[in-house]
Amino acid sequence: MKKMLELQQLSIGYADSRKKVKPLMPAISVSLDKGELVALTGPNGAGKTTLFRVISSNLKPLQGQVFIDGKDIADLSARQKAGLLSIVLTDRVGENFMKVFDVVASGRYPYTGLWARLTREDKIIIDRSLELTGAAVLSDRLMQSLSDGERQKVMIAKALAQDTPLILLDEPSAFLDYPSKIALIQLLKKLASEFNKTILFSSHDLDMIMRQVDKLWLMSPEKPMLSGTPDELLKNRKLLAYFGMEFTPHEAIL
Amino acid sequence: MFLNLFLGSVVIDSKEVLNAILGRATKLDASRLIILYEYRFPQAIVAIFAGAGLAVAGLLMQTLFRNPLADPSILGISSGASLGVALLLFVAGSFSGQAVVNLGWISTLGISMAAFAGALVVLFFLLLMSARIKQVVTLLIIGIMIAYLTGSLTGLLRFYSQKEDIQSFVIWGMGTFSGVGRTQLPYFSGAILVGLIAALFLSKSLNMILLGNRYAENLGLNTKLHTNLILLLSGYLTAIITAYAGPIAFIGLAVPHIARNLFKTSDHRVLIPASILSGAVLALFCNLVARLPGLEGNLPINSITSLIGAPFVIWVMLRQHNESVFES
């Protein structure tokens, strides 16, 4: 299997006011294969968002390297990275009069010229992205009129329009109601298995994602990251041990 | 535009104005022709470019900070201009022992230069700051602090300045579209035009920035560079216009909202031309009101822009609000 994302001896964290560097956890070395759906989970403050910021080159790693599709991102231009990785954030997008179609069309920006004129091919890709996420009916709506679930679909459609092999989603299920959460996980699963997208997303909805993902990345403050398939992690109660749970919660949910 | 030429405190027959513009024989006497060519025509042109420039400068700020209350003066660039003028008046006044206003034409040009210099100093400082900080909100707060700082310095300087100079400072602060003489008109218009065209070239970047900086970055935009470009451009337009026309309030804040509401879009490829157009029209209209026939001389533009603009913006917003309620 081809490695789509590889973190090598990656150390992440922030420098404090006295320029002292404090890694959030021991160095991370993990990788994702093409077409895998992987969930990153762990308590708040464990560094999930920080890791995403480093992978999407919004933040520099303290040490180590990030490879996307075999290329070290430190050597790539912003445009080259835009063609490899797309992101879906928790930030609310939608200033006054921003149309759904325009937001999804912005996914084509890395490929268009100075005036962002869309070619026929661009339009086909945008329509297909809207179709895939079930956001086609929203196309003419304004962003500010959407529900949280609809908004999430639109942002995923934008990421699809960007046409990247790797998609990163920061807590995509956070503000959704139960049915929307299930629909979202199923959509992500479909994108990974049918369209061969490599998808990494963070989530707290462990019970819901457990049976759907190919792999889990577990994070906890100052502990080394633990990676494995759901089955591996459930066996020997590795998962529970990692989060320091003494008792066994209802086995049925895991 | 035409009404701006026709109307004024000196009555000129409208048919004759047309004749004069079209280069036909006119029965106008020399003094009326001078009023037409030397005053009304340049004033109308300045109003067009100043209105358009301020509108675009305001739009750039609102997009950069994703804040509907941002305007060209929010980063202290126009207060920097004010400080420049106050400093000139104070220094010149205390060294020569004479009020600057008594120096004739040098004073008008001097005030423009001082305002421009003051605005540039603030702009330069902001760019330096922007290189050091990560969050655009921090930049906004620093800008607002600079505005307060320069404002209080200006107040102190005014306190120690000559009476006549305070008068001229107050007049400059009221704003005017008649501060650009015919000889300087081409330079002024050209400089603004360059800025407006440059803004058009930033449309795509502005659209990306409107999604948020991280999305913009992910779409391949060098956000740091473009933040600085936007700052530079907005500051450039504001500095030039403030230098010549004084700190004109409101147009930069209101016009982007008018443009968004009229054209129902957030796409800068539409918004920038729309702002240019709406800004020019609003400024011309304000200029017209400021010197309606029957009024003695010109009223201060600054009062007029808000007087006309504020109710108009409220109306536009309410209209949009009603529509969206109706839709849902």
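Residues numbered from 1 in each chain as written. Chains lettered and ligands numbered in written order. Predicted model: local features only at pLDDT ≥ 70, side-chain atom pairs only at ≥ 80, totals over all residues.

Caption draft 1: Structural view of the sheet that holds strand S7 (residues 71–72) of chain A. Residue and element names in this part refer to chain A. Reading across from one edge, S4-S1-S6-S7 is the order of the four strands in this open sheet, with antiparallel pairing throughout. The outermost strands of the open sheet, each flanked by one partner alone, are strand S4 (28–33) and S7. Where strand S1 (residues 3–11) and strand S6 (residues 63–68) come together, five bridges link them in antiparallel fashion. Bridging from a neighbouring strand, Leu-5 pairs with Ile-68 of S6. (Pairing = 2+ DSSP bridges. Helix = DSSP H or I, 4+ residues; strand = E, 2+ residues; numbered from the N terminus.)

Caption draft 2: Spotlight on helix H12 (residues 251–263) of chain B. Across its 13 residues, H12 of chain B extends 18 Å between first and last C-alpha, which sits within 8% of the 18 Å expected from 1.5 Å per residue. Of all the 13 residues making up H12 of chain B, ten are buried; the element is thus mostly covered by neighbouring parts of the structure. (Expected span 1.5 Å × (residues − 1). Buried ≥ 20, exposed ≤ 12 C-beta atoms within 10 Å, placed from the backbone.)

Caption draft 3: Broad picture of the confidence of the model for chain B. Residue and element names in this part refer to chain B. Summing up the model confidence of chain B, the mean pLDDT is 83 and the portion of residues at 70 or higher is 83%. Between the elements of chain B, mean pLDDT differs from a low of 56, seen in helix H1 (residues 2–6), to a high of 96, seen in helix H9 (residues 203–210). Reported confidence for the predicted complex is 0.92 by ipTM and 0.89 by pTM. (pLDDT = per-residue confidence, 0-100.)

Caption draft 4: Just the interface of chain A and chain B, in detail. The interface of chain A with chain B comprises 21 residues on the first partner and 22 residues on the second. Contributing elements (two or more residues each) for the side of chain A that touches chain B: helix H2 (78–82) and strand S8 (85–88) of chain A. Residue contributions to the side of chain A that touches chain B peak at three residues, all from H2 of chain A. When its residues are assigned to classes, the side of chain A that touches chain B shows twelve nonpolar, five polar and four charged. (Contact = placed C-beta atoms within 7 Å. Nonpolar A, V, L, I, M, F, W, Y, C, P; charged D, E, K, R; others polar.)

Caption draft 5: Seen up close, the sheet that holds strand S9 (residues 166–169) of chain A. All names here are of chain A. Judged by pairing direction, the sheet is mixed, and its six strands sit side by side in the order S8-S9-S10-S5-S11-S12 without closing on themselves. Each edge of the sheet is formed by a strand with only one pairing partner; in this case those strands are S8 and strand S12 (226–228). Ignoring which end each strand starts from, the neighbouring axes of this sheet average 15° apart. Taken together, the three bridges between strand S11 (residues 215–218) and S12 define a ladder with antiparallel strand orientation. Within S12, the position partnered with Leu-216 by the bridge is Gly-228. (Axes fitted to C-alpha atoms, helices over the stretch in contact; angles between N-to-C directions.)

Caption draft 6: Quick peek at the packing of H12 of chain B against helix H13 (residues 268–290) of chain B. Residue and element names in this part refer to chain B. Two elements in contact, H12 and H13, have axes whose closest approach is 8 Å; the angle formed by their N-to-C orientations is 120°. Regarding the angle of H12 to H13, the classification is oblique. The interaxial crossing formed by H12 with H13 has right-handed handedness. Here Ile-251, Val-255, Pro-256, Ile-258, Ala-259, Arg-260, Leu-262 and Phe-263 of H12 lie close against H13, whose contacting residues are Val-270, Leu-271, Ala-274, Ser-275, Ser-278, Gly-279, Leu-282 and Ala-283. Looking at the contact of H12 with H13, its residues break down into twelve nonpolar, three polar and one charged. (Parallel < 35°, antiparallel > 145°, perpendicular 65-115°, else oblique. Left-handed = near helix turned anticlockwise from the far one by under 90°.)

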